[in-house]
Amino acid sequence: MMDIYLASKDFVIGDLRLHCCTTPRSTMRSLVILALTLAAWTHAANSAAVGEEHSERVLRGRDLSDKEHFHEGGSEHDADYDHEAFLGDEAHEFDDLTPEESQERLAKIVDKIDQDGDGFVTYEEMRNWIQFTQQRYISDDVERQWKQHNEADADAIPWETYRHLVYGFLDDEKPEEGQEAELEDEHQTYKKMEDRDRRRWDLADEDKDGKLVKTEFANFLHPEEAEHMRDIVVQETLEDIDKDGDGKISLEEYIGDMYRGDSGDAEPDWVKSEREQFEQFRDADKDGFMDLEEVKAWIIPADFDHSEAEAKHLIYESDGDQDGKLTKAEIIDKYDLFVGSQATDFGEALTRHDEF
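In this numbering scheme, every chain counts its residues from 1 along its sequence in written order. Totals for whole chains, interfaces and linings use all residues, but because this is a predicted model, local features are given only for residues with pLDDT of at least 70 and pairs of side-chain atoms are given and counted only at 80 or more. Computation of side-chain values covers all heavy atoms of the structure but excludes hydrogens and water.

1. Topic: the overall build of the protein
Okay, so step 1: The helix count covers DSSP runs of H or I at least four residues long, the strand count covers runs of E at least two residues long, and both are numbered beginning at the N terminus. For the protein, the helix and strand inventory stands at 17 helices and 13 strands.
Okay, so step 2: Burial classes: relative accessible area under 20% of the type maximum marks a residue as buried, over 50% as exposed, and values in between as partly exposed (1.4 Å probe, protein chains only). Looking at the protein as a whole, 44% of its 356 residues are labelled buried.
Okay, so step 3: In this analysis, two residues are considered to be in contact whenever any of their non-hydrogen atoms come within 4.5 Å of each other. Relative to all contacts within the protein whose residues are 6 or more apart in sequence, the contacts with residues 24 or more apart total 64%.
Okay, so step 4: All accessible areas in this document rest on Shrake-Rupley with a 1.4 Å probe, and a residue is counted as covered only by the protein chains that are shown. Counting every atom, the protein has about 18600 Å² of accessible surface; 48% of that belongs to carbon and sulfur.

In structure tokens, the structure reads:
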């Protein structure tokens, strides 16, 4: 997956993930064209690769780390998984520290986790902490985009302001002689993006005043985090994969979302496994397609919560007296489970964790 920073919010074109940032309207069109060109190039270069965006479509049940928690059929434990689950997006900042330094800094984190200050970390506090670390990137993204799209520091952002920043170039751009048809096709693509944004904006606008306050804007940017926005994520997912526009996802469209091997190539085993998943589980009514409800069951599974499982695992592994909760001493004694012999730059982490 190649990362390119444009405007609006994150979206995917082929093998590119476009990240949100405010871009001058005069350069928006050329940047998107560049993205589309690079998408074609990366598509050819990575035709047999797993579609990362496919694996990221699942909202609930998404793993806490890209590391395997257990290897060799479950007999070999990988503590790196726990480090990333416990520290979230700051796990990659680990620097070599002595065991004493790791323990000292971990102790400060424990004080943050112990919300009621009773000297114990309960299952609920551990689960809440893991969820906080995993979602911290969302709050950071909302803060960044709120400032970028709200230069007047108003209480709410009107749709017209957002549209002007992101799609205003559509109103001003004039085609060069002989390029009218090409520009019209490009504008149609951008118009579809604008319509999709407007549909999501209207759903996020709970009081229907045409403006989004900060909490509504957060739901617009990250609809997967708001219960009342989940259906729009399902709808957008179906539209992304449904290439023939018939309102449902065929087996070939499902596979094509993650695998684009050359014609005649033997499919990898994992693709065969995904075909079986589609036929046996995804297509619940066995009609050969996934409809809206079946897509919802796929990307919003309700039967497993990784944060809950990880909290139980950390407590089980560290609870020396088996009382179902952890003291600071028990956590420090197992510091290598939480942070190993490395730790993040906790100076910045502790400042940011005040909100927790």
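2. Re the packing of helix α8 (residues 180-204) against helix α9 (residues 214-221)
Okay, so step 1: All axes are obtained by fitting lines to C-alpha atoms, using only the stretch in contact for helices, and the reported angles, taken between N-to-C directions, cover 0 to 180 degrees. The geometry of α8 relative to α9 is characterised by a closest axis approach of 9 Å and an angle of 140 degrees between their N-to-C directions. The orientation of α8 relative to α9 falls into the category oblique. The two elements α8 and α9 cross, and the hand of that crossing is right-handed. Residues Asp-197, Arg-200, Trp-201 and Ala-204 of α8 touch α9, and the partners they reach there are Glu-216, Phe-217, Asn-219, Phe-220 and Leu-221.
Okay, so step 2: By residue class, the composition of the contact of α8 with α9 is 5 nonpolar, 1 polar and 3 charged. Should an angle fall under 35 degrees it is taken as roughly parallel, and over 145 as roughly antiparallel, whereas 65 to 115 is taken as roughly perpendicular and any remaining angle as oblique. Should the near helix be turned counterclockwise from the far one by less than a right angle, the crossing is left-handed, whereas a clockwise turn marks it as right-handed. For this classification, the nonpolar set comprises Ala, Val, Leu, Ile, Met, Phe, Trp, Tyr, Cys and Pro, the charged set comprises Asp, Glu, Lys and Arg, and every other residue, Gly included, is treated as polar.

3. A short note on helix α13 (residues 292-299)
Residue pairs three or four apart in sequence face the same way in an α-helix, which turns once every 3.6 residues.
Okay, so step 1: Those residues of α13 that fall on the buried side of the exposure criterion are Glu-294, Val-295, Trp-298 and Ile-299. Down the axis of α13, the smallest arc covering the buried residues is 125 degrees, so these residues share one side. For α13, the exposed residues set more than 90 degrees away from the buried face come down to Glu-293 and Ala-297.
Okay, so step 2: Any pair of N or O atoms that falls within 3.5 Å is considered a polar contact. Within protein, one atom must be able to donate a hydrogen and the other to accept it, and sequence-neighbouring residues count only if both atoms are side-chain atoms. The residue sitting at the N-terminus of α13 and contributing the capping side-chain oxygen is Asp-291; that oxygen lies 3.2 Å from the backbone nitrogen of Glu-293. Each direction from the helix axis to a C-beta atom contributes to the arc, which is the arc of those directions.

4. Quick look at the nonpolar core
Okay, so step 1: Core analysis: the largest hydrophobic core is formed by 37 residues, its most contacted members being Tyr-162, Trp-201, Phe-217, Phe-220 and Tyr-254.
Okay, so step 2: For this core, the element with the highest residue contribution is helix α10 (residues 230-241), accounting for 5 residues.
Okay, so step 3: The set of buried Ala, Val, Leu, Ile, Met, Phe, Trp, Tyr and Cys residues whose side-chain atoms join them within 4.5 Å is what this entry labels a nonpolar core. Formed by 21 residues, the second largest nonpolar core is a distinct cluster that contains Leu-106, Ile-109, Ile-113 and Val-121.

5. Side note on the confidence of the model for the protein
Okay, so step 1: Confidence of the prediction at every residue is given by pLDDT, a number between 0 and 100. Of the residues in the protein, 67% reach a pLDDT of 70 or more, and the chain-wide mean stands at 76.
Okay, so step 2: In the model of the protein, strand β13 (residues 342-343) stands out as the element of lowest mean pLDDT, 33, in contrast to strand β9 (residues 211-213), which has the highest, 98.
Okay, so step 3: pLDDT under 50 marks residues 91-95. Its contacts with residues more than four places away, or in other chains, come to 15 contacts.
Okay, so step 4: In this model, residues 341-352 is a region of pLDDT below 50 whose contacts with residues beyond four sequence positions or in other chains number 35 contacts.

6. Here we look at the packing of aromatic side chains
Okay, so step 1: Here a pair means two rings of Phe, Tyr or Trp (six-membered ring of Trp) with centres within 6.5 Å. Their orientation is stacked below 30 degrees between planes, edge-to-face above 60, and tilted elsewhere. Within the structure shown, the criterion is met by 12 aromatic pairs.
Okay, so step 2: When the centroid spacing of 5.8 Å and the interplanar angle of 40 degrees are considered together, the rings of Trp-129 and Phe-132 count as tilted. Of the two residues, Trp-129 and Phe-132 both sit in helix α5 (residues 123-149), 3 residues apart, roughly one turn of that helix.
Okay, so step 3: Overall, the relative accessible area of 0% leaves Trp-129 in the buried class.

7. A few points about the pattern of salt bridges
Close approach of charged atoms allows side chains with opposite charge to pair.
Okay, so step 1: We count a salt bridge whenever a side-chain nitrogen from Lys or Arg sits within 4 Å of a carboxyl oxygen from Asp or Glu. Tallying each qualifying case throughout the model produces 15 salt bridges.
Okay, so step 2: Among the ionic pairs, Arg-196 bridges to Glu-236, the shortest N-O distance being 3.7 Å. Of this pair, Arg-196 sits in helix α8 while Glu-236 is found in helix α10, placing the two residues 40 residues apart along the sequence.
Okay, so step 3: A relative accessible area of 26% places Arg-196 in the partly exposed class.
Okay, so step 4: Its salt-bridge partner being Arg-230, residue Glu-227 comes within 3.4 Å of it at the nearest N-O pair.
Okay, so step 5: Put simply, Arg-196, Arg-200, Glu-236 and Asp-240 are held in one network by salt bridges that share partners.

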